[in-house]
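# An overview of the molecular structure
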Amino acid sequence: MAELPPEGKPQPARKAQPAGKPPAPMAATPWEDELTLQLRAKFGEQILEFSSYLGQNFLIARREAVIPILEYLKAEAGFDYLVDVTAVDYPERAERFDLVYILYSFARNQRIRIKTRIPEGFRPASAVPVYPTANWLEREIFDMFGIEFAGHPDMRRILMPEDWTGHPLRKDSSILDMDQRWVRQHLGIESGQ
Amino acid sequence: MRKFLRKVFLIDLIQGLWVTFRYQQPKFIYTEQYPAQRPKIAERFRGAPRLNVNPETGETLCIACNLCALACPENLIVVGSERDEKTRRKILTTFTYDISRCMFCGLCEDACPVDALELTQDFELASYSREGAVWDRQMLEEGPRPTKYAY
Amino acid sequence: MPDSTFLDATELVLNMGPQHPSTHGVLRVILKLDGEKVIGTECVIGYLHRGIEKIAENRTYAQFAPYVDRMDYVAAVSNGLGYCLAVEKLLGVEAPPRAQAVRVILTELNRIASHLIWLGTHALDVGAITPLFYCMREREEILNIFEKYCGARLTTHAFRIGGLQYELYDTFEQDVRAFCDMLLPKVDEYEELLTGNRIWIGRLKNVGILTAEECKAYGVTGPLLRAAGVPWDLRKAQPYSGYEQYDFEIPTGTNGDSYDRYLVRIQEMRQSVRIIRQALDGLPGGPIMGKVPKVIKPPVGEVYVSIEAPKGELGYFIVSDGSTQPYRVRVRPPSFVNLQALDRMCRGALVADVVVVIGTIDIVLGEVDR
């Protein structure tokens with residue numbers, strides 16, 4: 001039997017970046033092939049960038065153009081499978097969230113990423129009419145980040161309990177705070193973390 | 001006709017039952033009578049930690065480099081050391097390991113440069129209290145103490 | 001007594017609660033029933049949510065690897081493979097050929113283990129209790145091999161970023177060959193118990209049909225997509241870790257019902273044994289760890305790598321900000337996306353069929369909830 005250990009040495013500072021600056025942009029190379037020509041012809045300057053990093057192609061679009069691009073890719077280019085919808089939080093940027101759609105085409109055996117930047121409070125259009133897969137995926141984004149999707153048939157929390165406040169995967173939700181809040185509220189004592 | 005006979009005489013079900021009846025021989029018994037029969041544990045099994053001691057001199061092998069504490073994903077190792085003025089080396093004073101949060105991933109064992117921290121084959125780690133799951137240096141150096149059952 | 005309307009209610013809401021022997025974990029399914037026919041289902045998940053993606057943002061790349069095993073805990077080695085491949089792609093290193101071959105062997109053993117648990121528990125749900133014991137007995141052999149190799153049976157942490165930590169132990173090849181030789185007659189035994197069995201066919205045929213178009217629309221991958229007739233397997237379409245060298249078939253079904261999925265998974269076990277034997281025959285020598293820096297700090301960027309896990313397409317989307325800790329790790333779990341199709345598969349089925357459908361999707365709640 002031993003007593004509880006003494007306070008350990010504090011861990012080295014976890015953040016390598018100075019706080020308040022978004023991460024440096026990635027070293028992407030431009031991406032040109034016949035698909036980009038078709039997309040450029042159809043959408044013009046709604047698509048801001050066609051790039052490729054480590055052999056994986058992605059494009060950055062304006063936030064209103066995302067659903068039309070998805071519809072076009074599904075109907076014309078054969079991207080019939082929505083692999084994933086996810087978001088990344090960059091709190092230092094004005095447009096806080098990066099919404100990422102990953103599509104795959106069985107015929108071409110090719111994956112493509114569509115990224116867009118949205119500010120907090122913006123409600124992007126839901127992809128459920130285009131791909132039914134997006135149903136639970138968008139619910140999870142709402143649960144974890146707080147991004148509401150307009151036109152989603154069932155916009156509510158999926159992983160966290162229904163009465164949870166806050167959105168866990170945002171960078172300003174601290175795990176310790178969430179733990180202390182829950183313990184105080186439900187158990188009435190102080191959490192020992 | 002054959003299909004009709006197969007159906008009426010339950011041939012497909014009897015085939016399955018025959019497989020089960022084949023296993024009624026005692027030599028196919030796979031159950032291990034624990035705790036009378038302890039299982040054979042592999043050498044690399046990641047079980048309870050142990051701080052190794054030099055068998056001749058009785059001194060600890062740990063050089064208090066703190067690499068295991070830095071490698072641990074759960075930050076549950078606390079290495080206390082003091083500097084010996086004569087040899088300018090660090091001497092281990094306290095070493096605490098919290099079994100209750102350990103996930104036995106083996107990163108600490110991989111990180112140790114002198115093979116002082118080792119995960120043994122002991123898996124019987126229950127204790128009666130939460131504090132009993134925090135092991136100090138003495139418990140870690142003693143090593144596993146499996147209970148012997150008298151049968 | 002008033003003309004009470006509640007007695008005429010034709011819709012009954014039944015809760016197949018989080019504690020249920022047939023839901024393969026803590027899954028809550030709310031069933032709307034008309035007598036015994038299912039009108040609609042709704043899944044409530046999140047009981048096993050542990051915040052693994054949030055934890056990833058506070059650990060270094062190497063420290064996060066043990067956590068990944070805990071998602072699909074039945075087939076932990078695949079999770080580790082996907083994560084290591086994703087980080088290696090970010091770093092731009094490739095594991096040496098020997099490490100790749102050993103990774104393939106362990107991943108295929110892990111696929112057999114996952115399918116054995118699937119078969120055992122699915123058969124148990126339907127009512128056939130015997131296959132469970134037999135499958136667990138075979139799984140014991142696989143877990144013994146894992147234990148002798150990396151030290152743990154379930155949460156293996158077998159791979160490291162850049163290759164392998166441990167060299168193969170002495171009797172590895174004998175053990176694996178003995179296991180492969182033992183398994184094939186046992187798979188024939190499972191088929192003897194189940195495939196022609198009229199009860200099994202009656203419970204599984206035409207239950208939970210999901211056509212190929214619906215699979216693609218719902219994003220369903222893995223054995224469900226193959227049973228619907230689409231011969232798509234990430235190991236063939238976008239090979240990773242040396243899979244292009246091995247010769248194996250992709251079993252497909254025709255109807256997309258539960259019986260076809262059962263046949264597909266049985267065939268996949270046999271194909272896995274074939275891959276393991278080829279990998280053992282051609283096992284190259286050489287180092288087991290690639291050139292990885294001591295402190296893993298990938299350049300700023302993002303990558304999406306996916307592998308064919310036993311349950312479907314398991315994908316890792318890792319965003320790096322140049323520091324030692326990942327900025328965002330997103331795991332695309334196959335069970336989460338496949339479970340969405342439960343509603344579609346259960347329309348018009350009976351309550352007993354819901355149990356069969358949940359079993360045939362092969363979900364692991366650790367992966368659904370992360």
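Residues numbered from 1 in each chain as written. Chains lettered and ligands numbered in written order. Predicted model: local features only at pLDDT ≥ 70, side-chain atom pairs only at ≥ 80, totals over all residues. Heavy atoms only, no water.

### Digging into the interface of chain C and chain B
As a reminder of what qualifies: We call two residues contacting when some pair of their heavy atoms lies within 4.5 Å. Once two parts are put together, the accessible area they lose, assessed with a 1.4 Å probe and summed over both, is termed the buried area. When a carboxyl oxygen of Asp or Glu is within 4 Å of a side-chain nitrogen of Lys or Arg, the pair counts as a salt bridge. In protein, a polar contact requires one atom able to donate a hydrogen and another able to accept it; more generally it is a pair of N or O atoms within 3.5 Å, and residues adjacent in sequence count only if both atoms are side-chain atoms. Put simply, DSSP marks the helices as runs of H or I at least four residues long and the strands as runs of E at least two long, and each gets a number from the N terminus on.
Across the contact, 34 residues belong to chain C and 29 residues belong to chain B. Both faces combined, the contact of chain C with chain B buries some 2600 Å², and carbon together with sulfur accounts for 46% of it. Contact with chain B buries surface across chain C, with Gln63(C), Glu192(C) and Arg198(C) losing the most and accounting together for 23% of the total. Connecting chain C to chain B are three salt bridges. Put simply, Asp110(B) and Arg160(C) hold a salt bridge, and the shortest N to O gap is 2.7 Å. Between the two partners, chain C and chain B, sit 19 residue pairs in polar contact (both at pLDDT 80 or more). Mapped onto the side of chain C that touches chain B, the elements with two or more residues apiece are helix H2 (61–68), helix H5 (130–150), helix H6 (172–194) and helix H7 (198–204) of chain C.

### A short note on the side chain of Asn197(C)
Here Asn197(C) is to be found in the loop between H6 and H7. A polar contact of 3.1 Å, which involves the side chain of Asn197(C), links it to the backbone nitrogen of Ile199(C). Non-local contacts of Asn197(C), meaning those with residues more than four positions away in its chain, are made with Asp12(B) and Leu13(B).

### Quick notes on the pattern of salt bridges
Between side chains of opposite charge, pairing is possible as soon as their charged atoms come close. Rule in force here: Only protein chains enter the area calculation, which uses a 1.4 Å probe; residues under 20% of their type maximum are buried, those over 50% are exposed, and those in between are partly exposed.
Scanning the entire structure with this criterion turns up 53 salt bridges over all chains. With its nearest N and O atoms 3.3 Å apart, the salt bridge here joins Asp172(A) to Arg96(A). With Asp172(A) in the loop between helix H3 (134–145) and helix H4 (175–187) and Arg96(A) in the loop between strand E4 (81–89) and strand E5 (97–105), this residue pair connects regions lying 76 residues apart in the sequence. For Asp172(A), a relative accessible area of 55% corresponds to the exposed category. Here Arg96(A) falls in the buried class, since its relative accessible area comes to 8%. Its salt-bridge partner being Arg59(C), residue Glu74(B) comes within 3.8 Å of it at the nearest N-O pair.

### Some thoughts on the pairing of strand E3 (residues 37–44) of chain C
Residues and elements named next belong to chain C. Worth spelling out the cut-off: A pair of strands is treated as paired once DSSP finds two or more bridges between them.
Two elements, strand E2 (residues 28–34) and E3, share seven bridges in a ladder whose sense is antiparallel. Pairing of Val 29 across the sheet is with Cys 43, part of E3. Linking E2 to E3, which pair antiparallel, is a turn of two residues; within it Gly 35 sits at a positive phi near 70°.

### Considering the interface of chain A and chain C
Tallying the contact residues gives 51 residues for chain A and 46 residues for chain C. Both faces combined, the contact of chain A with chain C buries some 4300 Å², and carbon together with sulfur accounts for 54% of it. Three residues stand out in chain A for area buried against chain C, namely Arg111(A), Trp136(A) and Leu159(A), and they jointly supply 16% of the buried area on that side. Across the contact surface, chain A and chain C share eight salt bridges. Residue Glu302(C) pairs with Lys115(A) through a salt bridge whose shortest N-O separation is 2.8 Å. Mapped onto the side of chain A that touches chain C, the elements with two or more residues apiece are E4, E5, strand E6 (110–118) and H3 of chain A.

### Quick notes on helix H4 (residues 97–126) of chain C
For an α-helix the count is 3.6 residues per turn, leaving residues at separations of three or four pointing the same way. Which entries qualify depends on this criterion: One less than the number of residues in a helix, times 1.5 Å, gives the span that helix is expected to have.
With 30 residues, H4(C) should reach 44 Å at 1.5 Å per residue; the first-to-last C-alpha distance of 43 Å fits that figure. In the segment just after H4(C), Gly127(C) is the residue with positive phi, at about 130°.

### Observations regarding the pairing of strand E2 (residues 77–84) of chain B
Each regular strand displays side chains that alternate between the two surfaces of the sheet. Residues and elements named next belong to chain B. Judged from the eight bridges that link them, E2 and strand E3 (residues 89–98) form a sheet pairing that is antiparallel. When the sheet's bridge partners are listed, Val 79 is paired in E3 with Phe 95. Here E2 hands over to E3 after four residues, with Arg 88 in that stretch at a positive phi of 55°.

### Focus: the sheet that holds strand E5 (residues 134–135) of chain B
Residue and element names in this part refer to chain B. Here three strands make up an open sheet; going across it, the order is E2-E3-E5 and the pairing antiparallel. Of all strands in the sheet, those bounded by a partner on one side alone are E2 and E5. Here E3 runs beside E5; their pairing, made up of two bridges, is antiparallel. By the bridge assignment for E5, Tyr 97 is matched with Trp 135.

### Topic: the environment of Glu108(C)
All names here are of chain C. Locating Glu 108 in the fold gives a position in helix H4. Each C-alpha atom of the pair Glu 108 and Gln 271 lies 9.2 Å from the other, and the pair is 163 residues apart in sequence. In this structure Glu 108 touches Arg 235, Tyr 243, Ser 272, Ile 275 and Ile 276, once residues within four positions along its chain are discounted. Of the polar contacts made by the side chain of Glu 108, one reaches the side chain of Tyr 243; its length is 2.4 Å.

### What about the packing of aromatic side chains?
Going by this rule: Whether two aromatic rings pair depends on their centres lying within 6.5 Å, for rings of Phe, Tyr and Trp, where Trp uses its six-membered ring; planes under 30 degrees apart make the pair stacked, over 60 edge-to-face, and the rest tilted.
A complete count under the given rule lists 24 aromatic pairs over all chains for this structure. Taking 6.0 Å as the distance between ring centres and 80° as the angle between the ring planes, the aromatic pair formed by Tyr81(A) and Tyr104(A) counts as edge-to-face. Taken as a pair, Tyr81(A) in strand E4 and Tyr104(A) in strand E5 lie far apart in primary sequence, 23 residues in all. Here Tyr259(C) and Tyr262(C) contribute two aromatic rings whose centre-to-centre distance is 6.0 Å and whose plane-to-plane angle is 35°, an arrangement assigned as tilted. Taken together, the residues span about one helical turn, with Tyr259(C) and Tyr262(C) both in helix H11 (residues 258–281) at a distance of three residues.

### So, the confidence of the model for chain B
For clarity, the cut-off: What pLDDT conveys is the predictor's confidence in a given residue, as a value from 0 to 100.
Put simply, chain B has an average pLDDT of 82, and 95% of its residues get 70 or more. The complex prediction reports pTM at 0.89, with the ipTM value standing at 0.86.

### Concerning H2(C)
Here H2(C) lies mainly inside the structure; seven of its eight residues are buried. Within the span of H2(C), buried status applies to Tyr61(C), Gln63(C), Phe64(C), Ala65(C), Pro66(C), Tyr67(C) and Val68(C).

### A few points about the environment of Leu5(B)
Residue and element names in this part refer to chain B. For Leu 5, the position within the fold is in helix H1 (residues 2–8). The exposure class of Leu 5 is partly exposed, given its relative accessible area of 37%. In this structure the C-alpha to C-alpha distance between Leu 5 and Asp 136, which are 131 residues apart in sequence, comes to 72 Å.

### Details of the confidence of the model for chain A
Mean pLDDT for chain A: 81, with 87% of residues reaching 70 or above. Scored below 50 in pLDDT, residues 1–18 of chain A makes 25 contacts in the model with residues more than four places away or belonging to other chains.

### Concerning the packing of H4(C) against helix H14 (residues 351–361) of chain C
Residues and elements named next belong to chain C. Heads up, the condition is: For helices, the axis comes from a line fit to the C-alpha atoms of the stretch in contact; other axes are also lines fit to C-alpha atoms, and the angle between any two N-to-C directions lies between 0 and 180 degrees. Note on angle classes: values under 35 degrees are labelled roughly parallel, values over 145 roughly antiparallel, values of 65 to 115 roughly perpendicular, and the remainder oblique. Note on residue categories: nonpolar means Ala, Val, Leu, Ile, Met, Phe, Trp, Tyr, Cys or Pro, charged means Asp, Glu, Lys or Arg, and polar means any other residue, Gly included.
Put simply, H4 and H14 touch, their axes get as near as 9 Å, and they point 180° apart. By the criterion of interaxial angle, the relationship of H4 to H14 is roughly antiparallel. Contacts between H4 and H14 involve Trp 118, His 122, Asp 125 and Val 126 from the former and Val 355, Val 356, Gly 359 and Thr 360 from the latter. Across the contact of H4 with H14, the residue classes tally to four nonpolar, three polar and one charged.

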